[in-house]
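Single-letter residue listing:
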Amino acid sequence: MLSIKNLTVNVNDKQILKGINLEVKAGEIHAIMGPNGSGKSTLSHILSGKAGYIVTGGSVTYQGKDLLEMPPEIRAREGVFLAFQYPVEIPGVSNIYLLKAALNSIRKHHGQPEVDAMDFLTLVKGKVRLLEMDEKFLYRAVNEGFSGGEKKRNEILQMAILEPKLCILDETDSGLDIDALKVVAEGVNSLRSPDRSFVMVTHYQRLLDYIKPDFVHVLAHGQIVRSGGPELALELEEKGYSWLEDNKAA
Amino acid sequence: MTTTTASRYTAEYESIAPILPGQALPWLQRLRTEALEKFSAQGFPSLREEEWRYTNVSAIEKKLFSPSVIRASSHIDTNWLKHYQLIDAWSVVLVDGHFSPALSVLDGLPDSVSVLSMNDALVKYATLLETHLGQAVDNAEHGFIAFNSAWFTDGLFVYIPAKQVLAKPLQVLHIATQADVLATTRTIIIADEIAEVKVIETFVGLDTSYLSAAVTEVFVGANADVTLYKMQCESAKAYHFGGTYVKQARDARFIHHNFAFGGLLARSDIHVDLDFASDCELNGLYLGAKRQHIDNHTRINHLKPQAFSRELYKGVLDDRARGVFQGRVIVDIDAQKTDSQMSNRNLLLSDDAEADTKPQLEIYADDVKCGHGVTVGQLDEKSIFYLQSRCIDEETARNMLTFAFANEMVDKIRIKELHDKVLEQVLVRFPQEGVEKSWL
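On a predicted model such as this, the values are computed, not experimentally measured, just so you know.

Some details on the overall build of chain A
Here comes step 1: The helix and strand inventory of chain A stands at nine helices and twelve strands.
Here comes step 2: Its C-alpha atoms give chain A a radius of gyration of 18 Å, within 12% of the compact-globule value 18 Å for 250 residues.
Here comes step 3: Within chain A, the proportion of its 250 residues that are buried is 44%.
Here comes step 4: When contacts within chain A are restricted to residue pairs at least 6 apart in sequence, those whose partners lie at least 24 apart make up 73%.

Here is the structure:
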């Protein structure tokens, strides 16, 4: 699904990622944990194609294709979805319009006809119920005036409707209370499937109580310093990040 | 220079004067003579005038636009007109500055309501016109006003008697059909006490160079309600001056929506005088592209206490277009408890586009609530990336965001048919695939 090889990335002439290696197979959930400033967000931005990052070395291959060559919208149409840490408010553009435009862009990309209006509404309303959202949200402007929890839910709603192959969750649990986190996690879990992979970038171990990862990686100073199974997350919770950072520095 | 070129118009005046309406009315002749003298002396406005410092109209002086002598309207393509003319409305069509009875639809108007061409009104309602024409604006204001007073060939007269509510909107379509034509019209709208009327002024023209110089005076009676929409879709080669001058009596409400989309050089004045506890709302949207120059000049005079005014003008400027917003709010010494807010927001889509914005508050009273704000910015890169990450290509993302910015103003239109027509014009500028109107 996703293969990152020795990836180095600069921001404003400063090296942020210093040789990342990561293999994500179909159906797997990978958690990337690390302290603030470790390069976690840079990694998710680089995968989704945000401007302002200079790749100085290495490669990212997605489904056999060079991901870094693709503009952001092509990545998205090919099935890469970034759930934003801070979803952007788009005044004047309604949720439902964005959803339909996005879905039709994907269908067009794959040579399929536009979605039928009735089928679309049925699909969307089903997902809205899944995420325990009010249907009125659909007709409101994207994220405008939404609470932090509503914004995160909205990201997962978009994900549920667009059915991506590779879901990148950037700090999805930040800003969520426990009830909202459960709803969001349930939404994510309902999307788990053998041909869909997840990369969850998170600072907090809490998310992993609700979305069980297959692998946990610790990112520190722009490198993955440790990889392991779900038990690594528990170890981190106990000891904090410092023992790994110190380890690396030593 | 100014005097010489303006005198080309003045020199031509002698041959035009005999065909102008109102020959038998001494008061009008005096008004015209006085206006002609003013215009001869000062010409069209120059950049030296503070209220015109961003807008150079010398091209109008260099050309000589002449009033139309033929009054043919049969050659107007009705399919083209459909984009602008409302079905569910009464309509008055002025072709090249002359009323066209054939294209106008006035059947079923209530008997007490008068809607007729200025030419006819000068015969039938001379007394009423004598006390109104030229009362909402002064010929000394600037050259275009004086020019209009001296030159107007026709126009419209609307009288809504007290307590009368006009059920359907009234549309005034100004159509220019000839190259180098000069369409100078004067419109008077009078709504008596507690009357209600919605008027739409639409300006369109064939793809040629011409000059529209229209002046509208509006008298909103006590507790009356007037909504005026202006849909300026002149040809890309056209010159447009449109002045709207409003006098509100106490408790009166006036709403103006100004959609300035067309013209090579277009200037609108919207000046409002507010009496005690009257309300006024001025909305504007200007879309400039290529080399368009669009100037909107507003003035709100709070003359008496407790009046309320809200103003929001938004501009989208692409290519080498230039948008000008000059908004003045004047709060008279007597106008205590004035509540006024003015805002102008500009979106620049290219490095060569320009927005000149000058909000002015002049406050002479001491117990007032007044504010103004101005922004000039570009599309938010974070928003563009967000949309791209949701499968939308960059160009469409830019169009969506620009459209959303503009649509706030379109959304304020309360006449469904007009809303859809204006929306159509905006979507042509910022196309988006698969958009469903009900979701916008």
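So, the overall build of chain B
Here comes step 1: Looking only at helices and strands, chain B features ten helices and 20 strands.
Here comes step 2: Taken against the 2.2 N^0.38 rule, which gives 22 Å for 440 residues, the C-alpha radius of gyration of chain B at 21 Å falls within 12% of a compact globule.
Here comes step 3: Seen through its principal axes, chain B has C-alpha atoms that stretch 70 × 50 × 50 Å.
Here comes step 4: The buried share among the 440 residues of chain B stands at 51%.

Quick look at the packing of helix α4 (residues 117-130) of chain A against helix α5 (residues 148-162) of chain A
Residues and elements named next belong to chain A.
Here comes step 1: The geometry of α4 relative to α5 is characterised by a closest axis approach of 10 Å and an angle of 140° between their N-to-C directions. Overall, the two elements α4 and α5 adopt an arrangement that is oblique. As for how α4 packs across α5, the hand of that crossing is right-handed. Between α4, through Leu123, Val124, Lys127, Val128 and Leu130, and α5, the contact on the second element is made entirely by Leu157, Ala160 and Ile161.

A short note on α5(A)
All names here are of chain A.
Here comes step 1: Helix length check: α5, at 15 residues, gives a terminal C-alpha distance of 21 Å against a target of 21 Å (1.5 Å per residue), a fit within 8%.
Here comes step 2: For α5, the set of buried residues is Lys151, Lys152, Arg153, Asn154, Glu155, Ile156, Leu157, Gln158, Met159 and Ala160.
Here comes step 3: Check the buried side of α5 and you find it contacts β6 (80-83), α3 (95-109), α4, β9 (166-170) and α6 (178-190).
Here comes step 4: Directly after α5, the chain includes Glu163, whose backbone phi takes a positive value near 45°.

Some points on the sheet that holds strand β4 (residues 54-62) of chain A
All names here are of chain A.
Here comes step 1: Taken together, the four strands give an open sheet; going across it, the order is β2-β1-β4-β5, and neighbouring strands pair in antiparallel fashion. Here the strands that pair on one side only, and so sit at the sheet edges, are β2 (14-24) and β5 (65-66).
Here comes step 2: Note that strand β1 (residues 2-11) and β2 share eight bridges and pair antiparallel. If you follow Leu2 over to β2, its bridge partner there is Val24.
Here comes step 3: Sheet strands in contact with helix α1 (residues 40-48) are β1, β2 and β4, and its direction is about 70° off that of β2.

Points about the confidence of the model for chain A
Here comes step 1: Per-residue pLDDT for chain A averages 91, and the proportion of residues at 70 or more is 98%.
Here comes step 2: Mean pLDDT per element in chain A: helix α9 (residues 242-249) of chain A is the minimum at 62, and helix α2 (residues 72-77) of chain A is the maximum at 97.

Considerations on the environment of Ala35(B)
Residue and element names in this part refer to chain B.
Here comes step 1: For Ala35, the position within the fold is in helix α2 (residues 26-42).
Here comes step 2: Placed 108 residues apart in sequence, Ala35 and Gly143 show a C-alpha to C-alpha distance of 9.0 Å.
Here comes step 3: Filtering out sequence-adjacent residues up to four positions away, Ala35 remains in contact with Asn139, Ala146, Ser149 and Ala150.

Details of the interface of chain A and chain B
Here comes step 1: Taken together, the 26 residues of chain A in the interface contact 18 residues of chain B.
Here comes step 2: Counting residues per element, the ones that place at least two in the side of chain A that touches chain B are α2, β7 (90-94) and α3 of chain A.
Here comes step 3: In terms of residue count, the dominant contributor to the side of chain A that touches chain B is α3(A) (nine residues).

Let's talk about the sheet that holds strand β6 (residues 170-176) of chain B
Residues and elements named next belong to chain B.
Here comes step 1: Spatially, the ten strands line up as an open sheet ordered β3-β2-β6-β8-β10-β12-β14-β16-β18-β20, and their pairing is mixed. Each edge of the open sheet is held by one strand with a lone partner, namely β3 (98-99) and β20 (369-377).
Here comes step 2: Pairing of strand β16 (residues 308-317) with strand β18 (residues 339-348), which is carried by ten bridges, proceeds in the parallel orientation. Bridge pairing links Val316 to Leu347 in β18.
Here comes step 3: Taken strand by strand, helix α9 (residues 394-410) contacts β14 (279-288), β16 and β18, and its axis lies near 150° from that of β16.
Here comes step 4: Taken strand by strand, helix α10 (residues 416-429) contacts β8 (196-205), β10 (225-233), β12 (253-260) and β14, and its axis lies near 30° from that of β10.

Side note on the pairing of β4(A)
Residues and elements named next belong to chain A.
Here comes step 1: Judged from the seven bridges that link them, β1 and β4 form a sheet pairing that is antiparallel. Across the sheet, residue Val9 finds its bridge partner in β4, namely Val55.
Here comes step 2: Where β4 lies against β5, two bridges are found, and the strand directions are antiparallel. The residue of β5 that forms the bridge with Thr61 is Asp66.
Here comes step 3: Where β4 folds back onto β5 in an antiparallel hairpin, the turn is made up of two residues, including Gln63, whose phi is positive at roughly 50°.

A word on the packing of helix α8 (residues 381-388) of chain B against α9(B)
Residue and element names in this part refer to chain B.
Here comes step 1: Axis separation between α8 and α9 bottoms out at 9 Å; the angle between their running directions is 125°. With respect to each other, α8 and α9 are oriented oblique. As α8 packs across α9, the resulting crossing turns out to be right-handed. Along the contact surface, α8 presents Ser383, Ile384, Leu387 and Gln388, while α9 presents Glu394, Ala397, Arg398, Met400 and Leu401.
Here comes step 2: Residues that form the contact of α8 with α9 fall into these classes: five nonpolar, two polar and two charged.

What counts, and where the lines are drawn
- Residues numbered from 1 in each chain as written.
- Chains lettered and ligands numbered in written order.
- Predicted model: local features only at pLDDT ≥ 70, side-chain atom pairs only at ≥ 80, totals over all residues.
- Helix = DSSP H or I, 4+ residues; strand = E, 2+ residues; numbered from the N terminus.
- Rg over C-alpha atoms; globule rule 2.2 N^0.38 Å.
- Buried ≥ 20, exposed ≤ 12 C-beta atoms within 10 Å, placed from the backbone.
- Contact = placed C-beta atoms within 7 Å.
- Axes fitted to C-alpha atoms, helices over the stretch in contact; angles between N-to-C directions.
- Parallel < 35°, antiparallel > 145°, perpendicular 65-115°, else oblique.
- Left-handed = near helix turned anticlockwise from the far one by under 90°.
- Expected span 1.5 Å × (residues − 1).
- Pairing = 2+ DSSP bridges.
- pLDDT = per-residue confidence, 0-100.
- Nonpolar A, V, L, I, M, F, W, Y, C, P; charged D, E, K, R; others polar.

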